[in-house]
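Here is what each chain is made of, one letter per residue.
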Amino acid sequence: DIQGSIDPQGHSLRKTRPIMCNTIYEGGPQGMHLRHASQPERNPSVHGMPQLQPWWAAGYSFSRGHFLVNVPYDPYQPMIFQGEEMSIGIRGFTIGYDYYAPERSVCFHHYAVGKNAKVRNKVHHFWENDRKYSGTGKRAMQRLLGIVRMNPEIDPSKWDHVEEERYGL
């Protein structure tokens, strides 16, 4: 979170390295799926360069434009907030991309906690529309997992195969 992470001039106060190297299997209304988590930030053991990490992180991704051209977001996955990182990470890795963490934290989320809660909780969230689009997220998650072959127990006829060659493996 941004609170306690930057000084009044906007400089990072953290000297630790964020690394995405943990994955959990979580469930919810959309079904079971893998979600990346980070390890607790620590002082870097590798200095002067980024450190290789196993996962791609949506909340902190910088690359040359060809990454997005070669590994685009799948527009057939509406109402997905958790899970797209696994799809993009797997797809990117299978065509040769590696993922790195910077030497120290330089970018922070502005979560709706503490003194930020009053202002940030006024921002609308896409999941406020889940009743309006009932079932959309579950179907999108079936596609997300099916297209990267992570839900063999689901009958393939149950998920959308549109442009599978482009957004799959």
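Here is what the cut-offs are and how they apply
- All chains use their own residue numbering, which begins from 1 and follows the written sequence.
- Given that the model is predicted, a residue must reach a pLDDT of at least 70 before its local features are reported, and side-chain atom pairs must reach 80 or more before they are shown or counted; all residues, however, enter totals for whole chains, interfaces and linings.
- In computing side-chain properties, one takes all heavy atoms of the structure into account and sets aside hydrogens as well as water.
- Where helices and strands are cited, they refer to DSSP runs of H or I of at least four residues and of E of at least two residues respectively, numbered from the N terminus.
- Think of it in three bands: residues with accessible area under 20% of the maximum for their type are buried, residues over 50% are exposed, and the middle band is partly exposed, with areas taken using a 1.4 Å probe on protein chains only.
- Whether two residues touch is decided by their heavy atoms; if any such pair falls within 4.5 Å, the residues are in contact.
- To measure how exposed things are, a 1.4 Å probe is used in the Shrake-Rupley method; for residues, cover is taken only from the protein chains shown.
- Here, nonpolar core refers to any group of buried Ala, Val, Leu, Ile, Met, Phe, Trp, Tyr and Cys residues whose side-chain atoms link them within 4.5 Å.
- Per residue, pLDDT captures the predictor's confidence, and it can take any value from 0 to 100.
- Put simply, the grid is 1 Å and covers the protein atoms alone, a cavity is a trapped set of points that fit a 1.4 Å probe, a pocket is an open set with protein on both sides within 12 Å along at least five of seven lines, and lining residues have an atom within 4 Å of a point.
- Grid points are joined across faces, edges and corners, and a volume is the space filled by probe spheres set on the points.
- Each residue is assigned to one of three groups, with Ala, Val, Leu, Ile, Met, Phe, Trp, Tyr, Cys and Pro labelled nonpolar, Asp, Glu, Lys and Arg labelled charged, and all others, Gly among them, labelled polar.
- Here is the rule: rings of Phe, Tyr and Trp (six-membered ring for Trp) pair when centre to centre is within 6.5 Å. Planes less than 30 degrees apart are stacked, more than 60 are edge-to-face, and the remainder are tilted.

A. A look at the overall build of the protein. In terms of regular secondary structure, the protein is built from five helices and four strands. Seen in sequence order, the protein has helices and strands lined up from the N terminus as β-β-β-α-α-β-α-α-α. Counting only C-alpha atoms and orienting by the principal axes, one finds that the protein spans roughly 55 × 40 × 30 Å. In the protein, which comprises 169 residues, the share counted as buried stands at 31%. Looking at the protein alone, contacts between residues at least 24 apart form 70% of all its contacts between residues at least 6 apart. Of the roughly 11000 Å² that the protein leaves accessible, carbon and sulfur atoms contribute 56%.

B. Looking closely at the nonpolar core. Counting residues in each nonpolar core, the largest one holds six residues, listed as Trp-56, Phe-67, Val-71, Ile-88, Tyr-97 and Tyr-99. Once residues within four sequence positions are removed from consideration, Trp-56 is found in contact with His-36, Ser-61, Phe-67, Tyr-73, Glu-85, Ile-88, Gly-89 and Tyr-99. Within the second largest apolar cluster, five residues are counted, among which are Ile-80, Ala-140, Met-141 and Leu-144.

C. The confidence of the model for the protein, seen in detail. Of the residues in the protein, 96% have a pLDDT of 70 or more, and the chain-wide mean is 84. Element-level pLDDT for the protein is lowest in strand E2 (residues 33–38), with a mean of 75, against a maximum mean of 93 in helix H1 (residues 65–70).

D. Spatial organisation of the layout of surface pockets. Considered as a void within the structure, the largest pocket measures approximately 1100 Å³ in volume. Gly-59, Tyr-60, Glu-85, His-109 and Tyr-111 are the residues nearest the centre of the largest pocket, which is lined by 38 residues in total. Elements with a contribution of two residues or more to the lining of the largest pocket: E2, helix H2 (84–94) and strand E4 (99–101). At four residues, E2 tops the list of elements feeding residues into the lining of the largest pocket. The residue inventory of the lining of the largest pocket, partitioned by class, reads 19 nonpolar, twelve polar and seven charged.

E. The packing of aromatic side chains, seen in detail. For the structure on display, the rule yields five aromatic pairs. On the numbers, 6.2 Å between centres and 70° between planes, the contact of Trp-56 with Tyr-73 is edge-to-face. On the criterion of sequence distance, the pair formed by Trp-56 in the loop between strand E3 (51–53) and H1 and Tyr-73 in the loop between H1 and H2 is long-range, its members being 17 residues apart. Where Phe-67 meets Tyr-97, the ring centres are 4.8 Å apart and the plane angle is 80°; that geometry is what we call edge-to-face. With Phe-67 in helix H1 and Tyr-97 in the loop between H2 and E4, this residue pair connects regions lying 30 residues apart in the sequence. When sorted by exposure, Phe-67 lands in the same class as Tyr-97, which is buried. An aromatic cluster is present here, built from Trp-56, Phe-67, Tyr-73, Tyr-97 and Tyr-99 joined pairwise through their rings.

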